[in-house]
Amino acid sequence: MLISIVAPCYNEEDVIERFHEQVQKIANELLPLGHDMEFVYIDDGSRDRTLPLLSRLADRDARVRYVSFSRNFGKEAALLAGLKHATGDAVIVMDADLQHPPELIKRMVELRGEGYDQVIARRTRQGDRLTRTLTARLYYRLVNRLVDVELVDGVGDFRLMSRRVVDAIVNLTEYNRFSKGLFAWVGFPSTTFEYENAVREHGSSSWSFRSLLNYGLDGLLSFNNRPLRAALYLGMTLLALAGAYTAWIVGAAMVNGVQTPGYVTIITAVTALAGVQMIMLGVIGEYTGRIYYEVKGRPHFLVKATNVDRTEDRSRGTTKDLIP
């Protein structure tokens with residue numbers, strides 16, 4: 001069985017060679033068991049020496065395939081590019097910063113042998129800040145009440161996928177991609193095992209609070225239209241409250257006579273309704289913006305450099321994604 005290791009890279013010059021040494025060691029251990037391996041590195045527009053190092057790795061190891069983007073298109077685009085260029089019977093997606101322990105590859109391959117199409121590594125939150133753990137748990141509890149797929153806390157991109165799972169995901173051509181949700185949406189027999197959270201060996205994470213917040217909103221909006229339905233329900237609720245308030249005012253006028261309406265009540269009502277309207281316009285704008293990007297039909301990424309032979313099979317990719 002040919003196993004493809006797909007590793008998105010962004011400014012990983014300090015760790016990429018060490019990462020390759022470790023996955024190469026695992027590959028040599030699996031070779032006597034009948035498992036060959038290829039390494040697919042996606043350089044997501046790095047600004048350091050990641051690309052020259054990948055080129056050097058390709059010169060030393062014929063199993064290395066790399067694709068370098070013309071600019072930073074984001075991790076979702078890098079994942080898609082890696083899956084499109086992976087030719088293995090099974091594909092393992094993992095980060096190149098060694099937070100995904102390479103030694104778990106062997107366990108994934110063993111579980112794949114039991115017939116699972118997806119073997120998912122779920123990290124524990126041991127060592128995380130308490131605020132981050134509580135926020136994550138709250139987010140997943142909320143989002144799973146809204147979205148059409150189940151998202152599991154601690155489950156990310158680190159997983160093994162069979163060829164039919166990879167082909168199914170690549171054939172989902174939507175521009176606004178949320179891979180964690182797509183992996184769950186395609187289904188197929190899956191199993192999950194836990195591993196302890198590893199510390200990043202070099203540098204710092206490029207995920208800021210703002211980017212994490214935007215990523216969370218992508219997960220919320222990509223797999224349901226409930227926020228739009230909530231606008232309808234909220235409007236009906238406000239209409240009912242307005243009717244009840246009107247009835248109360250009329251009743252009070254009939255019993256106590258006409259009184260001057262309260263200034264605070266008017267200002268509060270106007271401000272609250274204006275806030276609700278802005279929120280609903282924002283929700284509608286989010287969905288409209290996603291439609292806007294979808295209808296443009298732009299490629300998910302553009303390639304600046306690659307060692308992949310263009311005469312190879314491109315049945316899982318598109319020509320426009322490979323424009324140099």
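Structure's up top.
Residues numbered from 1 in each chain as written. Predicted model: local features only at pLDDT ≥ 70, side-chain atom pairs only at ≥ 80, totals over all residues. Heavy atoms only, no water.

Undergrad: I would appreciate a short explanation of the side chain of S46 in the present structure.
TA: On the secondary structure map, S46 appears in the loop between β2 (36–43) and α2 (50–60). For S46, a relative accessible area of 14% corresponds to the buried category. A polar contact is formed between the side chain of S46 and the backbone nitrogen of N11, at a distance of 2.8 Å. Of note is the side chain of S46, whose polar atom sits 2.5 Å from the side chain of D43. With residues up to four places along the chain from it excluded, the contact list for S46 reads C9, Y10 and N11. (Helix = DSSP H or I, 4+ residues; strand = E, 2+ residues; numbered from the N terminus. Buried < 20%, exposed > 50% of the residue type's maximum accessible area, 1.4 Å probe, protein only. Polar contact = N/O pair within 3.5 Å; in protein donor to acceptor, adjacent residues only side chain to side chain. Contact = heavy atoms within 4.5 Å.)

Undergrad: What is the right way to read the packing of helix α1 (residues 16–30) against helix α4 (residues 104–112) from this model?
TA: To describe two helices that pack against each other, one gives the angle between their axes and the distance between the axes. Running from N to C, α1 and α4 cross one another at 40°; their axes reach a closest spacing of 9 Å. One finds that α1 runs oblique with respect to α4. Residues V23, I26, E29 and L30 of α1 pack against I105, K106 and V109 of α4. Of the residues belonging to the contact of α1 with α4, the class tally is 5 nonpolar, no polar and 2 charged. (Axes fitted to C-alpha atoms, helices over the stretch in contact; angles between N-to-C directions. Parallel < 35°, antiparallel > 145°, perpendicular 65-115°, else oblique. Nonpolar A, V, L, I, M, F, W, Y, C, P; charged D, E, K, R; others polar.)

Undergrad: Looking at this structure, I do not really get the pairing of strand β3 (residues 64–69). What am I missing?
TA: Looking along a regular strand, one sees side chains alternate from face to face of the sheet. The element β3 is extensively covered by neighbouring structure, given that 6 of its 6 residues are classed as buried. Covered by surrounding structure in β3 are V64, Y66 and S68 together with R65, V67 and F69, the residues of both alternating faces. As paired strands, β2 and β3 are joined by 5 bridges and run parallel to one another. Its bridge partner being in β3, D43 is matched across the sheet by S68. With respect to chirality, the unit in which β2 leads through α2 into the neighbouring parallel β3 is right-handed. Two elements, β3 and strand β8 (residues 303–306), share 3 bridges in a ladder whose sense is antiparallel. (Pairing = 2+ DSSP bridges. Right-handed = clockwise from strand over helix to strand, strands pointing away.)

Undergrad: Is there a simple way to think about the pattern of salt bridges in this case?
TA: Once their charged atoms are close, side chains differing in charge can pair, the charge on each being opposite to the other. Enumeration according to the criterion identifies 11 salt bridges in this entry. The partner of E17 in a salt bridge is R56, with the nearest N and O atoms 3.6 Å apart. One end of the pair, E17, is in helix α1; the other, R56, is in helix α2, and 39 residues separate them in sequence. Classification of R56 as partly exposed rests on a relative accessible area of 36%. Across the salt bridge formed by D117 and R164, the nearest N and O atoms sit 2.7 Å from each other. Here R164 lies in helix α6 (residues 163–170) and D117 lies in the loop between α4 and β5 (118–123), a separation of 47 residues in the sequence. Exposure remark for D117: the relative accessible area of 4% places this residue in the buried category. (Salt bridge = Lys/Arg side-chain N within 4 Å of Asp/Glu carboxyl O.)

Undergrad: Quick question: what am I supposed to make of the sheet that holds strand β6 (residues 155–162) here?
TA: Pairing is mixed in the open sheet, where 8 strands are placed in the order β7-β5-β6-β4-β1-β2-β3-β8. Looking at strand neighbours, the two that pair on one side only are β7 (190–195) and β8, the edges of this open sheet. The average angle at which neighbouring strand axes cross in this sheet is 20°, direction not considered. The pairing of strand β4 (residues 90–93) with β6 spans 4 bridges and is classified as antiparallel. Within the sheet, the bridge partner assigned to V93 lies in β6 and is R159.

Undergrad: Quick question: what am I supposed to make of unusual backbone geometry here?
TA: Among all residues save glycine, negative phi is the norm, and among peptide bonds the norm is trans. Its identity as a non-glycine residue notwithstanding, N11 has a phi of 55°, on the positive side. Tracing the backbone shows N11 in the loop between β1 (2–9) and α1. N11 sits in the partly exposed class, given a relative accessible area of 30%. Positioned with a positive phi, L98 is a non-glycine residue whose angle comes to about 70°. With respect to the helices, strands and loops of the structure, L98 is situated in the loop between β4 and α4.

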